[in-house]
Amino acid sequence: MLKIENLHVKLEEEDKQILKGVNLEVEAGKVHAIMGPNGSGKSTLSYVLSGRDGYEVTEGGATLEGEDLLELEPEERAAAGLFLAFQYPVEIPGVGNMTFLRTALNAQRKARGEEEMSAADFLKLIRAKAKDLKIDADMLKRPVNVGFSGGEKKRNEILQMAMLEPKMCVLDETDSGLDVDAMKLVSDGVNALRAEGRGFLVITHYQRLLDHIKPDVVHIMADGKIVKTGGPELALEVENNGYADILAEVA
Amino acid sequence: MGLPQEKLSALEARIAGLGLPQGGWSEAARADALSRLNAAGLPGRRDEYWKYTRPDTLVQPEAPEAAVLVTDEAPMFDGVDRLKIVFVDGVFDADASDDLTLDGVRIERLAEIADRDIHWGRELYGVLETRGQDPVARPLATLNTAFTTDGVVIHVTGTPSKPISLIYRHEDDRSDVMLHHLIKVDSGAEATILENGPAAARFNKVMEIDIADGGALHHVRSQGRDHDRRDATFTFARLGKESEFRSFTMTVNGVLTRNETVIELLGDDALAHVAGVCVGDGDNFHHDDTVFITHDAVNCESRQVFKKVLRNGATGVFQGKILVKPDAQKTDGYQISQSLLLDDDSQFLAKPELEIYADDVACSHGSTSGAIDEDQLFYLRARGVPMDQATDLLTLAFLAEAMEELADETLADHMLERLEGWLSRRR
Ligand SMILES: Nc1ncnc2c1ncn2[C@@H]1O[C@H](COP(=O)(O)OP(=O)(O)OP(=O)(O)O)[C@@H](O)[C@H]1O
Ligand SMILES: [Mg+2]
């Protein structure tokens, strides 16, 4: 599904290398988790995959179902099935949450040559999905993320993911800022989307999320590289001992 | 006090070809205007109030040429049930207009009533315009009072069932037009006035609005899209106790627009909202909103919300002032002027002012100028919204606060459609 090969990335503005040869492959139907110390490059990886400005790929590449991701505009990546749940969802005053989602959904459909969804069908769908995530009608009407609490923003990301039904979901610290109940809602939302044809890359600092969303593979990222890969037990090891042992071992 | 030679010759040249209508109740008002004009002179480039906008082409004797825009767009407010009053290059078009009778309102034309011996118009004509000259002179409005050829005279006595719609058409590339409207709203009466269309190559318009206690007037205007047209418009409003005045203007194109709004809140608990949305393209687009609101009563509310989208070297100007007189306690004054610059060549010049002499007031003002937010743009694109569409969405979002001042949904939809048209054409 998602294949990242020897990916080297530096900042466009300054001479700072952030990703130093990331190799990673997420197969369809699998959930991979990435853990790693602050500043190791996890969010950068998610941004580079989704096409944010400001980064320069100096070596290596990334493909989604064989298609070169890095050649595409951000909106083309989205239409191709890539979704990033932002670590810091953006507030957009003046754009209603519903308008935003319908515009996005229909833009993607149009780009894929599919028919647009009618207003009525859209309404039905979003109401059902919002209900599952305990997002009330008022939040749907409000401007995108404006005045949302931290947890509400994260739930809103998952709502978008549920509506857009991407093939490859990258979740950047979707668990941060969530209370116990919200963590359950979000995890249920993610688990409901787990499917044969869909891959997940879950960036997190905590085992807690991985209790709910059981990963197939866990990677440790440090200083711009994947330094260790293992099964779910790797996350437990981090939870208990921190990164010191793992980093010492690979150094 | 004599005028400097430069101003004197400019004024002489400007009025040389103009006729001063004689007779009737308006004669004295016109003569008074002419003498005030002789004392003030026309705006000059060095006048402080014209620091950001060059008055030259508004003042010069001949109107610069402005081609009539040919478009297959549906006319503004098409389909809205309204009473139409049409002016073509400033000349009333009876055939294109509706019958001027409507319950709750009496509509006449200035040209018809000006030579009568007596008319209520006398109490208003030039009166608010004169009051509006202090503390800043607005000589183009005075010029209008002296020389205008026509206009509508509306007396709102009740609650007319539909809006009164002034439609301005422009057929002559060189037309130079002055219209002067009077609107008197009785106590407890309420009406909506619509204005749209390019009136002329050069248009000077004055509107004097007197709202009695508990009256309400809604003013919604869409300024014509002809690329080269020039407008200098003046809206003077005087508000009584518990009265309401809401004015919304959308401007798309036009080479030069100066919209002055002068409002006096004279009765307690009155409310005045003025909003403007303007979108402009190209280095010969210049739009100026100049607003002066005086609070002279207790517990009044005023809001100024002005938003401009500028690109390809367009210029936007905002001069807005809230003056709170010593007795105007509990004043709630709000003023925001913002521009969205879609490139580095465009510019926004703002002069927001507060002058407050009462102590128990809540006034705020702000002015910003910025580009499209990159994070917001990326967020939209990451969800699959293409670049152009995302930019449009954010542009409309920027305008939202001003658009919300237009409470009527049907009218707002008409405006939105025009804006969307502009966005899609100008890519
Ligand atoms: N635009 C930028 N300008 C300057 N430094 C940057 C920029 N983007 C990323 N960095 C730096 O790159 C490194 C990696 O940042 P990144 O946000 O990818 O880390 P992370 O692994 O997501 O950390 P966290 O766990 O704290 O979210 C950090 O040192 C960060 O300061
Ligand atoms: Mg991060």
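Residues numbered from 1 in each chain as written. Chains lettered and ligands numbered in written order. Predicted model: local features only at pLDDT ≥ 70, side-chain atom pairs only at ≥ 80, totals over all residues. Heavy atoms only, no water.

Colleague: Quick question: what am I supposed to make of the overall build of chain B here?
Modeller: Along its length, chain B carries 9 helices and 20 strands. Against the 2.2 N^0.38 benchmark of 22 Å for 427 residues, chain B shows a C-alpha radius of gyration of 21 Å, consistent with a compact globule. Seen through its principal axes, chain B has C-alpha atoms that stretch 70 × 50 × 50 Å. When each of the 427 residues of chain B is scored for burial, the buried share is 61%. Residue pairs in contact within chain B that sit at least 24 positions apart in sequence constitute 85% of those at least 6 positions apart. As displayed, chain B has an accessible area near 16,300 Å², and 46% of this comes from carbon and sulfur atoms. (Helix = DSSP H or I, 4+ residues; strand = E, 2+ residues; numbered from the N terminus. Rg over C-alpha atoms; globule rule 2.2 N^0.38 Å. Buried < 20%, exposed > 50% of the residue type's maximum accessible area, 1.4 Å probe, protein only. Contact = heavy atoms within 4.5 Å. Areas by Shrake-Rupley, 256 points an atom, 1.4 Å probe, with all protein chains shown as cover.)

Colleague: I would appreciate a short explanation of the confidence of the model for chain A in the present structure.
Modeller: Low pLDDT means the predicted atomic positions in that stretch should not be read closely. Here chain A averages 93 in pLDDT, while 100% of its residues score no lower than 70. Per-residue pLDDT, averaged within each element of chain A, yields its smallest value for helix H10 (residues 244–250) of chain A (82) and its largest for helix H2 (residues 74–79) of chain A (97). (pLDDT = per-residue confidence, 0-100.)

Colleague: Explanation requested: the environment of Leu 310 of chain B in the structure shown.
Modeller: All names here are of chain B. The topology assignment puts Leu 310 in strand E16 (residues 301–311). For Leu 310, a relative accessible area of 0% gives the class buried. Taking the C-alpha atoms as reference points, Leu 310 and Glu 405, separated by 95 residues in sequence, lie 21 Å from one another.

Colleague: Is there a simple way to think about helix H3 (residues 97–111) of chain A in this case?
Modeller: Residue and element names in this part refer to chain A. For H3, built from 15 residues, the straight-helix expectation of 21 Å at 1.5 Å per residue is met to within 8% by its first-to-last C-alpha distance of 21 Å. All of the buried residues in H3 are Asn 97, Phe 100, Leu 101, Thr 103, Ala 104, Leu 105, Asn 106, Ala 107 and Gln 108. One or two positions beyond H3, positive phi appears at Gly 113, with a value near 75°. (Expected span 1.5 Å × (residues − 1).)

Colleague: Got a minute to help me understand the coordination of the magnesium ion (ligand 2) in this structure?
Modeller: Reference values for coordination geometry: four tetrahedral donors around a metal ideally subtend 109.5 degrees, six octahedral donors ideally subtend 90 or 180 degrees. Within the protein, the magnesium ion (ligand 2) binds to Ser 43 of chain A (OG) and Gln 87 of chain A (OE1); these donor distances fall in the range 2.0 to 2.3 Å. In this pair, Ser 43 of chain A sits in helix H1 (residues 42–50) while Gln 87 of chain A sits in the loop between strand E6 (82–85) and strand E7 (92–96), placing the two residues 44 residues apart along the sequence. (Donors = N, O, S within 2.8 Å, 3.2 Å for Na, K, Ca; no water.)

Colleague: I'm lost on the pattern of salt bridges in this one. Help?
Modeller: In a structure, side chains of opposite charge can pair up when their charged atoms sit close to one another. One pass over the full model with this rule turns up 48 salt bridges over all chains. Between Lys 228 of chain A and Glu 249 of chain A there is a salt bridge, and its shortest N-O distance comes to 2.9 Å. Placement of the pair is Lys 228 of chain A in strand E12 (residues 225–230) and Glu 249 of chain A in helix H10, with a sequence separation of 21 residues. Note on Lys 228 of chain A: relative accessible area 22%, which makes it partly exposed. The partly exposed category is assigned to Glu 249 of chain A, whose relative accessible area is 48%. Within the structure, one salt-bridge network assembled from shared partners comprises Glu 73, Arg 225, Arg 418 and Arg 425 of chain B. (Salt bridge = Lys/Arg side-chain N within 4 Å of Asp/Glu carboxyl O.)

Colleague: Just checking my understanding: could you explain the environment of Val 177 of chain B for this structure?
Modeller: Residue and element names in this part refer to chain B. Along the polypeptide, Val 177 turns up in strand E7 (residues 176–185). According to the relative accessible area criterion, Val 177 is buried, its value standing at 5%. Considering only alpha carbons, one finds Val 177 and Glu 27, 150 residues apart in sequence, at a separation of 20 Å. Every residue in contact with Val 177, bar those within four places of it in the chain, is listed here: Asp 89, Gly 90, Ala 199, Ala 200, Arg 202, Phe 203 and Asn 204.

Colleague: Just to check I follow, could you spell out the interface of chain A and chain B for this structure?
Modeller: Interface size is commonly expressed as the accessible surface area that is lost when the partners come together. Listed as interface residues are 30 residues of chain A and, on the opposing side, 18 residues of chain B. The contact between chain A and chain B buries some 1,900 Å² in all, and 66% of this surface belongs to carbon and sulfur atoms. Across the chain A-chain B interface, the total number found is 4 salt bridges. Ionic pairing is found between Glu 157 of chain A and Arg 383 of chain B, a salt bridge with its closest N-O pair at 2.7 Å. The tally of links between chain A and chain B comes to 12 residue pairs in polar contact (both at pLDDT 80 or more). Broken down by secondary-structure element, the contributors of at least two residues to the side of chain A that touches chain B are H1, H2, E6, E7, H3 and helix H6 (150–164) of chain A. (Buried area = accessible area lost by both parts, 1.4 Å probe. Polar contact = N/O pair within 3.5 Å; in protein donor to acceptor, adjacent residues only side chain to side chain.)

Colleague: Mind showing me how you'd approach the site of ligand 1 here?
Modeller: Residue and element names in this part refer to chain A. Around ligand 1 there are 15 residues in total, and Gly 39, Lys 42, Ser 43, Thr 44 and His 205 lie nearest to it. Glu 173 places a polar side-chain atom, nitrogen or oxygen, 3.2 Å from an oxygen atom of ligand 1. At 3 residues, the largest contribution of residues to the shell around ligand 1 is made by H1. The residue inventory of the shell around ligand 1, partitioned by class, reads 3 nonpolar, 8 polar and 4 charged. (Near = heavy atom within 4 Å. Nonpolar A, V, L, I, M, F, W, Y, C, P; charged D, E, K, R; others polar.)

Colleague: Would you mind showing me how to read the packing of aromatic side chains here?
Modeller: Note on aromatic pairs: each is described by the distance of the centres and the angle between the planes. In total, this model carries 11 aromatic pairs over all chains according to the counting rule given. Pairing Phe 87 of chain B with Phe 92 of chain B gives two aromatic rings, centres 6.0 Å apart and planes at 65°, and the pair type is edge-to-face. Each member of the pair, Phe 87 of chain B together with Phe 92 of chain B, is buried. Site record: aromatic cluster; members linked through ring pairs are Tyr 47, Tyr 55, Phe 86 and Phe 100 of chain A together with Phe 378 and Tyr 379 of chain B. Here the basic side chain of Arg 52 of chain A rests over the ring of Tyr 47 of chain A, its NZ or CZ set 4.3 Å away from the ring centre. The ring centre of Trp 50 of chain B lies 3.7 Å from the NZ or CZ of Arg 258 of chain B, which sits over that ring. (Phe/Tyr/Trp six-rings, centres within 6.5 Å; stacked < 30°, edge-to-face > 60°. Lys NZ or Arg CZ within 6 Å of the ring centre and 35° of its normal.)

Colleague: How should I be thinking about the sheet that holds strand E1 (residues 2–11) of chain A in this particular structure?
Modeller: Backbone hydrogen bonds are what pair the strands of a sheet, in a parallel or an antiparallel way. All names here are of chain A. In spatial order, the strands read E2-E1-E4-E5; together these 4 strands make up an open sheet with antiparallel pairing. The open sheet terminates on both sides in strands that have one partner only, identified here as strand E2 (17–26) and strand E5 (67–68). Lying on the sheet, H1 is in contact with E1, E2 and strand E4 (55–64); it crosses E1 at an angle near 105°. (Pairing = 2+ DSSP bridges. Axes fitted to C-alpha atoms, helices over the stretch in contact; angles between N-to-C directions.)

Colleague: Teacher, can you tell me more about the pairing of strand E12 (residues 244–252) of chain B here?
Modeller: Remember that side chains alternate between the two faces of the sheet whenever the strand is regular. Residue and element names in this part refer to chain B. Most of E12 is tucked away, with 7 of its 9 residues classed as buried. Two strands pair when backbone bridges link them, and strand E10 (residues 216–223) and E12 are joined in this way by 8 bridges, in the parallel orientation. Across the sheet, Gln 223 pairs through a bridge with Thr 251, a residue of E12.

Colleague: Please explain the sheet that holds strand E3 (residues 101–102) of chain B as it appears in this structure.
Modeller: Residues and elements named next belong to chain B. Read from one edge of the open sheet, 10 strands run E3-E4-E5-E7-E9-E11-E13-E15-E17-E19, paired in mixed fashion. The two strands at the open ends of the sheet, each matched to only one other strand, are E3 and strand E19 (347–356). As paired strands, E3 and strand E4 (residues 105–109) are joined by 2 bridges and run antiparallel to one another. Bridge pairing in E4 places Thr 101 opposite Arg 106.

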